[in-house]
Structures are given as structure tokens and as C-alpha cells.
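Read off the chains here:
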Amino acid sequence: MANTNLQFKTNYAVSSKIEPFYKGGKVQISNDEKYIFCTCGSCVNVLEISTGKIVHRVEHDDQEDITSFALSCDDELLVTASRALLLKQWDWKQAICTRSWKAIHTIPVASMTFDSTSTLLATGGCDGTIKLWDVVRQYCTHNLKGSSGVVHLVQFHPDIKKLQLFSSSIDCGIRLWDLRSSQCVCVLQSHYSVVTSLSFSCDGGTVVSSGRDKICIVWDLNTRKAKKTVPVYEAVEGVVLLPKDADLSQIGVKSKGLHFITAGSKGVLRVWDAKTAQCVYTQPFVATTTSVSEEDEDSGDNPCSLTYLFHLPTSSRLATVTAEHNILLYQLPGLTTQQQFVGYNDEVLDVKFLGKGDSHIVVATNSCQLKMFELLTNSCQILYGHTDTVLTLDVFKNGSVFASCAKDRSVCVWQLDSDSGQVRCVAQGSSHTNAVGSISCSRMKASFVVTGSQDCTVKVWDLPAEFSIAGEEIHQLTPRSTEKAHDKDVNSVAVSPNDKLLATGSQDRTAKLWSLTGEGNIGLLGVFRGHRRGIWTVCFSPVDQVLATSSADGTTKLWSLQDFSCLKTFEGHDASVLKVIFVSRGTQLLTSGSDGLVKLWTIKTNECVKTLDAHQDKVWGLHGSRKDDKMVTGSADSNITVWMDVTEVELAEKQANQEDQILKQQELSNLLHEKKYLKALGLAISLDQPHTVLTVIKAIRKGENGHEVLEKMVLKLRIDQKESILRFCVVWNTNARNCMDAQAVLKVLLTHLPPEELLQYQGARAHLEGLIPYTERHMQRIGRLLQASMFLNYMWQKMRVVGAESSWGQDEEMDTTSRTQTQPLFFIDKDEGKGSSDDRQSHGDDGDSGQGEDPHCHIEDEDEEELEDVSATQKTSNNKERIENRKITKTNGNQRESQESSEDEDPEDENDQTVMSNLPASSALRSQTLS
């Protein structure tokens, strides 16, 4: 190994993340054109357009998916609707729920919109009804019925004085509602499929509707008749009327008539002249993908299809959303691409640093498109060139040229223009007969690339010396040599630092070393054998004559290039090791696996010095920067993480913070020991750790006069501390084990603080609404517990003891009767139980499945853990009845055998007897039972 004075790496810290922020659903742009609002499961993410960062996140506490949302026209109010049939009003800048109410709809809300005054909110439900809400006075103003099925579109007329609402449902008609009379005044019926969008003219007299029936219709709202039907030959998802006073000659607008632009299943923007019904401009489609069939367009399988179209009049831009969850902004009048944001990457298959100073990363996802992110702004450039999923990438030494390969059997070479930041495809080749799953670039200069394929072959492709100045022409590559390298898929190829050697790893469990110096075919030098399963990655050391391999057998191995022997084996991953790279000048390794972990290894000591819990799924992408100061990982969980090497100073700061936390915890322990509860509670709240605060609350309640002390301590807290403890109560109340502590604190707050003061607390409404459902659940659980205990008490009161009538009810005396008597210990009152002993014996031997069950007392699965005492008690009563019945049938048997049968019957009897000692039975009865 290389002898260097380089200090080993010990840790990595997350520098930045690229996470999914949009997974489908509604998208809306703020009126000031600064933010993009989009849904992602149970939250609404707010993306700042200028920086590309998620600046706000509005999330439902109940984790229910958001079905629709609407932002008011003044950009102040955000209202969301969830599957729980709740509407929530948010101060989205603070991520605070200011109000929530029931939607009244019987099934979820499908569409929502505000009027131009931001006072009226319309909600269209899946139940075919439309509700109008006055968000200022907080009540429902209209309930409009008559639509057929899901109301997927609601939109107010831009002139609020007309008090008109437009809606559409699955009957393909556009309903016009007069809000003064709450009646549907007409139905605009000309579409034959779902109406997707409406666009109004500035004067409000004309509206253009689009549909999936491949037509757009221009309506005159004065006569309520269709003026023109324009066939657009694609399913249209969005339509926008273009402004009449702007110079849009670059996109074919030559006259002053009505023009509109459409976005749909073909994935391009097109401009139409409403008067002539002609397409006057079609956006050039930069993708080189294969043409999409008409059947795929109709079924929505085109990944490039557009789902939303917005007009941003202030900045004179258009925004579109694609089916692959990409958001693109175009600048008018030329429709030039201005910004691109990727809402969801799907499965990340590979990721590499790129550009000067590693300023960009290029990502291969489960898509035929490559995505290049600028790390500073998260702005993305989508690269089109492959026609099927891109599998892997590699970057040349200069950092501005990289290569990719895909399932379409092709290889592409790309170049980044350092001045403009644009990437273009400069070379392309296709000669493999199956998917190309691995690629490696030459290390000295950009002279060749090597590819490995599922067709078991390896190909070497020479690059032209002048390709960098080839202009717009794409150079066609031809392989210099082809070699059948393995018996199964070639999973990885790697070129040595001096460009003279090639290593390959295969699914056939072997790695091979090849010579690249010859002019003809590559020559085999040796084979590395030792892995028990397929090899995922091969990697040359940057300084030593060793090769690293990672395998599906969960190990990473180091091999000597001289004698092909295994030098070291690194074991630590619980599943396949997918990637391995050298860091710290070849003295350490980084490995990533399908267990979602990234591990840092020191080669000399064969030790794993750090495990990074990086992702929730397979980490396919792992790449180190050229300066060796950071790395990037990409996972099947669709997250991309950039990690920085933690310096000594950062480690010292982190250690200091940890020591400070330890000191505070020690101080807290001392305060609790000294019973200085007020200081302890204040310190725990300052740590902002609900569990720590809960520990203090439990300690107070366990002490002498716990309730009174707790009341005094809570009331002495500052207002901000009371706000925090109220927030913590919401968390504690979700767990049945901690609900009594939460309720004790709530009792103090609700008893001594007026409602006016409580409502002034930050997020008080949302906290109280979060407390109600769990509190109701706890009350129901306690009610069931009380019912069960009363039933058990009833059972015990009906039992009698033979020969011990005088001791009945004498709890203080113990029965000293000999344990050797053979008479039966129990009998059942004949007035109460008429069944035969055989029947009862049969019932008692049914097994555990029927023990302790009460048809009148159902205990939910979620409460089983919290009701252990009740369950044990129920088992005790049934077990003892079973034991009694067995003894009745064995009256003439040996007492010792009877005892042995009782002990062997149920291993839980010992625990059951402990629980029985707490039951309200007489001492004599207990004594004989325990015998």
C-alpha cells in the first residue's frame, strides 16, 4: 500500500440534498410569480423559483394525502383538502394551520379555487357537489348540486361582479352557475371527453375550453354559444389565451385576432389561430426519442406529455408540467427554455460530479433522459439523447466531457460548455446487441470509452480528436475492438489510471484483467476468482497495483494485479455491495450497498471507521470529487445527497455540542435528584426534546403530592415555555402509555388559563384539534377496560369454595387446610351454570385461541400492548377454570399428578398467579387457588 502522510477521513456530513418535492397532482404558481406550489403526498411544498429551493413545507399532521389545494389570489391564504374530508386554512409562510373544518362532502374534494377577491372558496367534490365557502366569515354559502360524478374543474368568472362559477364533471359539459340564485343557468355542451381547462379573455366575454377529445372550443359567453371548434389532434391538458397587445411574431402570431397556445399529450407547445383554426407555430422538440404511437398518447404513456400550462403575465413567461413531474419555464416571445425543475427523480441509478470545481452533478434515473443539476441553485437541465432507460455514467478527467449508456444498446458522449452551462451530445454509437450496463472513460485524456453489455461482450470506442469542435453535428462512433469477456452479463468495466489496463466484473462471479496496449483486440491477462455471487463493481487504485471489487455476496475484496491473489476482504454490509471507490489517495475505501448504507473503510487496518445511514433503499450511485473533499450518493429512494468531508474544526465543534448536550443532561439529572422541578422543567424545554420533558413530568407526578407540584410548576412557566409544553402534549397524547401525563398537563392548562390566552399561543388551534381524536380514543379504551374489569368482578363473585363457607369474605385470614386432600377444590353454583362438566372440560381444552375472549368486550389490536394487565387477568380466570375442571375429572387421581398437569398445561400460569394476587378475592379462596 502507498505510504502517505495523508490524514485518514473519519466522517462525512450532509452538505445538500436533492429530494422529491412533486409526485403528481395539482400545481399552482403564486400571483407574484415567485413561488410554485405543488403536492407531495401529505404535504404541499413551496418552491422558490429564483433559487430552486424548497422554502416552505405545509404538512398535515394526520399524514393523510392531500387531494387538492388552492392559493388565494392575494397569495396570503392556502387551503388544503385531504382524504380525511377536512379543509385546513394555512399561514403558509409560517407553516401554521390557522383553521380547519369539515368539508361536508361525503367523499374527498377533487378541485378547489379562490375568486379574485380571495374571500370566496369553491370546492368540487367526488360526490358531484360544489360547496362555496366564505373564508372571512367562516361559513358555507352555497351547496350546488346537479353535476354527474367527480367535479374535477371549478373556476370563477374573472369579473367578480357577475357572480358566476364554471364547473365541469365526467359528463363532459361545462356548467355555468349563477351564485345569486344558486342555480345552473346553462350547460355548454360540445366536448365529447373530459374538459381539462378554461382560459378567459381580458374582457371576460370569451372563454376557450380544452379537452381530451382533441379539440379546443371558443365560447361566446354573451350568447353562451360555441363560436369556433378547433381540432388540435392531441389530448389537450392546458390552454392559455395569448395577450393581444404583445409582439409574438416569433411564434407565428402575425394578425391581431384571437390566438391561444395548447399543451398536451405530444409534449410540445403549439400556437393556434382561433379564426382560421390553423396551427401557426409548433415548438421544436429537442428530444431524440422514438416517436410515440397514437395509442400511447391516448393512454397517457408518453413520458414527455404535458399535464399543466400556466401563463405568467408579469414576467411574460409560460410554465408547463410534464408527466415525469418536471416543471419547465419558457420565456416569451421566443419560447426559449429559462428554467427546469425536477419534481421527482424516481430511482437514481447513477450520479457523477461534473464541471469546474464539481459545480454540477449529472444523474441517471429510471428514465431515458439525463438530468444535470447545478448544485448552487438546484436548477436542472434535462438532456435528451437516449431512447430507453439510462443505466450508468462516467466522466473524463477534465470534468467537462462525460459518457452514458442505456438499455437502448447505445453509448452517448456529452460535452458541457463552461461559458453557457449548456450540455449537448457530441458523439453517439450503437453496436451492442443487448442493454449496455457499464461504461468507463479513458483516464489520461478523452481518447476512448469502454462499454460492457448484457450480451457478455466488451467494446472499445475511439473518440475523434476534433469532436469538441464538431459544432451541432453528432459524431457517429464505431467500436475499435470487441471481445467476448464473460459467460454472463458484464456488470462493470474500469480503465486503469495509465489507460493501459482494463478490468471487468461479471454476473459469472469473476473479474478479469485485460491489456489495452495492443492495436487489435484486447488481451486477457488474468482472472480474479473468490466471490460467491455476481460482481457489481470493479475499481483500480489510483496509486497502487491493486483492484477493488464489490459483490452481491456482501463483501468487498482487494486483489493484487501481479499474482491475482486476494489481499483483503471487507465484510460489513448486510446485502449486496453495489459500488466501491478509493478515497484518501487510495488508503481508504467507500462502499455502498442495497441495505441503504455507505461505509468508510481504512485499508491498512481492515476496519470500518464510519457507517453513514444515507438512504432508505439501494445506493446505486457513489462518486467522489476530484479534490477528494466530498462525495455524492444516489439511491433507489429517489434522493441525491452531497456529502462533505468533515474537517477537524467541524469535528471539534460537533464534539463540543455533544459535550454541551451531555452536561445539560447531567445538570437535568442533578436537578431532578434535588427535586428542583421548575429549573429541571425549564432546562428540558430549552433542549426542545419532547421525550426529555416527558421524563421530567413523570418524575414530578411520581413524587409526593405529584399533582399539586405539577400544577405549580406548569403555571410558573413563561408563555413561550407553555406554548412548547402544549406542543409536546400533542406528541405524548398519541401514545397510550404517555397519554395520562399529557392529560395531566392539559388539565392544568385548561383549568387555569382562559381560552383567550390559550388561543394566542402559536399553533394553538392546530394543537387542540390534534388532541381531540386521540383523547376520544383513550376514553373509549378506558371505557372498554372498565367494562372488562366489571365482568371479571362478576365472575369472581359467582364462584364458591367447597368446605370453606366460614372463611368466605374473610380477606385477612389465610386457609391452612392441608394441600393433600383429594376432594375437588371448586364447584359451580348450579343455579348459575347448568352445563355438564364434560362440556366445560371440552371448552377448557380448546386451546389458547379462545382463552380470555369476551364477546361483549372487544379489544382492538392497537391497544393490546397497553392492556397487558387486562389480558393477563382474563387469561388467569380462564386458566384457573380449566385447571378446576381437570381436577373435577381427576377426583380419585393422585394430587401430585394433578399439580403436575396444572403446571404443564400453560407456561404462563406462573405469571397468571402473580396477577391473581391482586384480584379482589378472599384470602382463603386465593390460598386454595394458588395450591
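Residues numbered from 1 in each chain as written. Predicted model: local features only at pLDDT ≥ 70, side-chain atom pairs only at ≥ 80, totals over all residues. Heavy atoms only, no water.

## A closer look at the overall build of the protein
Here is step 1: For the protein, the count of helices and strands is 14 helices and 59 strands.
Here is step 2: Looking at the protein as a whole, 51% of its 931 residues are labelled buried.
Here is step 3: A total of about 43600 Å² of accessible surface is found on the protein, and carbon and sulfur atoms cover 48% of it. (Helix = DSSP H or I, 4+ residues; strand = E, 2+ residues; numbered from the N terminus. Buried < 20%, exposed > 50% of the residue type's maximum accessible area, 1.4 Å probe, protein only. Areas by Shrake-Rupley, 256 points an atom, 1.4 Å probe, with all protein chains shown as cover.)

## Notes on the pairing of strand β31 (residues 360-365)
Every regular strand shows the same layout, with side chains that alternate between the two sheet faces.
Here is step 1: Burial analysis of β31 places six of its six residues in the buried class, the great majority of the element.
Here is step 2: Both faces of β31 are covered, namely the face carrying H360, V362 and A364 and the face carrying I361, V363 and T365.
Here is step 3: Note: strand β30 (residues 348-354) against β31, six bridges, orientation antiparallel. Bridging across to β31, F353 finds its partner in I361.
Here is step 4: Following β30, the chain reverses through five residues before pairing antiparallel with β31; G355 in that reversal takes a positive phi of roughly 90°.
Here is step 5: Pairing of β31 with strand β32 (residues 370-374), which is carried by five bridges, proceeds in the antiparallel orientation. Opposite V363, over in β32, you have K371 as the bridge partner.
Here is step 6: Counted along the chain from β31 to the antiparallel partner β32, the turn is four residues long. (Pairing = 2+ DSSP bridges.)

## Considerations on the sheet that holds strand β51 (residues 577-583)
Here is step 1: Overall, antiparallel pairing links the four strands, which are arranged β51-β52-β53-β54 in an open sheet. With partners counted over all chains shown, the strands left at the sheet margins are β51 and β54 (607-613), one partner each. For this sheet, the mean inter-axis angle between neighbouring strands, taken without regard to orientation, is 20°.
Here is step 2: Two strands pair when backbone bridges link them, and strand β52 (residues 588-593) and strand β53 (residues 597-602) are joined in this way by five bridges, in the antiparallel orientation. Looking at β53, one finds that T591 is bridged to K599. (Axes fitted to C-alpha atoms, helices over the stretch in contact; angles between N-to-C directions.)

## Remarks on the sheet that holds strand β14 (residues 153-156)
Here is step 1: Pairing is antiparallel in the open sheet, where four strands are placed in the order β14-β15-β16-β17. Of all the strands in the sheet, just β14 and β17 (183-188) have a single pairing partner and so form its edges. Adjacent strand axes in the sheet meet at a mean angle of 25°, parallel and antiparallel pairs treated alike.
Here is step 2: By the bridge criterion, five bridges tie strand β16 (residues 174-178) to β17 in an arrangement that is antiparallel. Bridging across to β17, D178 finds its partner in Q183.

## A few points about the packing of aromatic side chains
Here is step 1: Throughout the structure, instances matching the rule amount to 11 aromatic pairs.
Here is step 2: Centre to centre, the rings of F37 and W92 are 5.0 Å apart; their planes meet at 80°, and the pair counts as edge-to-face. Note that F37 is positioned in strand β3 (residues 35-40) and W92 in the loop between β8 (86-91) and β9 (96-102), a separation of 55 residues in sequence.
Here is step 3: We classify F37 as buried; its relative accessible area is 0%.
Here is step 4: Judged by its relative accessible area of 2%, W92 is buried.
Here is step 5: One aromatic cluster is present, built from ring pairs that chain together Y35, F37 and W92.
Here is step 6: A cation over an aromatic ring shows up here: K26 above the ring of F69, its NZ or CZ 5.3 Å from the ring centre.
Here is step 7: We note R480 situated over the ring of F448; from NZ or CZ to the ring centre the distance is 5.8 Å. (Phe/Tyr/Trp six-rings, centres within 6.5 Å; stacked < 30°, edge-to-face > 60°. Lys NZ or Arg CZ within 6 Å of the ring centre and 35° of its normal.)

## Here we look at the nonpolar core
Here is step 1: Ranked by size, the top nonpolar core spans 35 residues in total, and within it L681, V693, I697, I725, W732 and V745 carry the most contacts.
Here is step 2: If you list the elements that add at least two residues to this core, you get α2 (648-673), α3 (677-686), α4 (690-702), α5 (706-715), α6 (719-732), α7 (739-752) and α9 (764-797).
Here is step 3: The contacts of V693, once residues within four sequence positions are left out, are L681, A684, I685, I725, F728 and W732.
Here is step 4: Residues L242, V253, L306 and L318 belong to the second largest nonpolar core, which totals 17 residues. (Core = buried A, V, L, I, M, F, W, Y, C linked by side-chain atoms within 4.5 Å. Contact = heavy atoms within 4.5 Å.)

## What to know about α3
Here is step 1: In terms of residue burial, α3 counts as a mostly covered element, since seven of its 10 residues are buried.
Here is step 2: All buried positions along α3 are accounted for by Y677, A680, L681, G682, L683, A684 and I685.
Here is step 3: Immediately beyond the C-terminal end of α3, within one or two residues, lies D688, with a positive phi of roughly 55°.

## Focus on the environment of T51
Here is step 1: Tracing the sequence through the fold places T51 in the loop between β4 (43-48) and β5 (54-59).
Here is step 2: The partly exposed category is assigned to T51, whose relative accessible area is 27%.
Here is step 3: Sequence separation of T51 and L376 is 325 residues, and the distance between their C-alpha atoms is 8.3 Å.
Here is step 4: With residues near it in sequence (within four places) discarded, T51 still touches T377 and N378.
Here is step 5: A distance of 3.1 Å separates a polar atom in the side chain of T51 from a polar atom in the side chain of E48. (Polar contact = N/O pair within 3.5 Å; in protein donor to acceptor, adjacent residues only side chain to side chain.)

## Overview of the confidence of the model for the protein
Here is step 1: A residue-level look at the protein finds 81% of positions with pLDDT of 70 or above and a mean pLDDT of 81.
Here is step 2: Scored below 50 in pLDDT, residues 287-291 shows nine contacts in the model against residues more than four places distant or in partner chains.
Here is step 3: Per-residue pLDDT stays below 50 along residues 806-931; that stretch engages in 126 contacts with residues further than four places along the chain or on separate chains. (pLDDT = per-residue confidence, 0-100.)

## A closer look at the pattern of salt bridges
Here is step 1: Counted under the stated rule, the structure contains 17 salt bridges.
Here is step 2: Residues K9 and D645 are paired through a salt bridge, measuring 3.2 Å at the closest nitrogen-oxygen approach. Of this pair, K9 sits in the segment before β1 (12-18) while D645 sits in strand β57 (residues 640-645); the two residues are 636 residues apart in sequence, bridging distant segments of the chain.
Here is step 3: Owing to a relative accessible area of 7%, K9 belongs among the buried residues under this scheme. (Salt bridge = Lys/Arg side-chain N within 4 Å of Asp/Glu carboxyl O.)

## Thoughts on a negative patch on the surface
Here is step 1: Taken together, the side chains of E59, D61, D62, E64 and D65 make up a negatively charged region of the molecular surface.
Here is step 2: Checked against the element boundaries, D61 lands in the loop between β5 and β6 (66-71). (Patch = residues over 30% accessible without salt bridge, like charges linked within 9 Å, V, L, I, M, F, W, Y side chains within 5 Å. Lys, Arg positive; Asp, Glu negative; His and termini not counted. Charge placed at Lys NZ, Arg CZ, Asp CG, Glu CD.)

## Quick look at the packing of α4 against α7
Here is step 1: Where α4 meets α7, the axes come as close as 10 Å, and the angle between the chain directions of the two elements is 80°. With respect to α7, the element α4 is oriented roughly perpendicular. Along its contact with α4, which presents L694, I697, K698 and R701, the element α7 presents M740, D741, A744 and V745.
Here is step 2: Within the contact of α4 with α7, the residues separate by chemical class into five nonpolar, no polar and three charged. (Parallel < 35°, antiparallel > 145°, perpendicular 65-115°, else oblique. Nonpolar A, V, L, I, M, F, W, Y, C, P; charged D, E, K, R; others polar.)

## A word on the packing of α5 against α7
Here is step 1: At a minimum axis separation of 10 Å, α5 and α7 run at an interaxial angle of 60°. One way to sum up the angle between α5 and α7 is to call them oblique. By crossing handedness, the relation of α5 to α7 is classed as right-handed. Listed contacts from α7 to H707, L710, E711, V714 and L715 of α5 are A744, V745, K747, V748, L749 and H752.
Here is step 2: Class assignment for the residues of the contact of α5 with α7 results in seven nonpolar, two polar and two charged. (Left-handed = near helix turned anticlockwise from the far one by under 90°.)

## Description of unusual backbone geometry
Here is step 1: With an omega of 10°, the peptide bond between L332 and P333 qualifies as cis.
Here is step 2: At K675, a residue that is not glycine, the phi angle is positive and equals roughly 60°.
Here is step 3: Judged by its relative accessible area of 59%, K675 falls in the exposed class.
Here is step 4: Its identity is not glycine, yet N705 carries a phi of approximately 55°, on the positive side.

## Focus: the pairing of β16
Here is step 1: Most of β16 is tucked away: four of the five residues are buried.
Here is step 2: In terms of strand pairing, strand β15 (residues 164-168) meets β16 through five bridges, oriented antiparallel. When the bridges of β16 are listed, S168 appears paired with I174.
Here is step 3: Where β15 hands over to β16, the hairpin turn is made up of five residues, of which C172 adopts a positive phi near 70°.
Here is step 4: Between the end of β16 and the start of β17, which pair antiparallel, lie four residues, with S182 showing a positive phi angle near 60°.

## Some details on the side chain of N345
Here is step 1: Residue placement: N345 occurs in the loop between β29 (336-342) and β30.
Here is step 2: For N345, a relative accessible area of 3% translates into the label buried.
Here is step 3: For N345, the residues in contact, after removing those within four places along its chain, are I18, T365, N366, K371, F373, S638 and I640.

## Things to note about α5
Here is step 1: Regarding α5, the residues found buried are G706, V709, L710, M713 and V714. On an axial view of α5, the arc spanned by its buried residues comes to 125°, and they lie on one face.
Here is step 2: Those residues of α5 hidden inside the fold are in contact with α3, α4, α6 and α7. (Arc of directions from axis to C-beta.)

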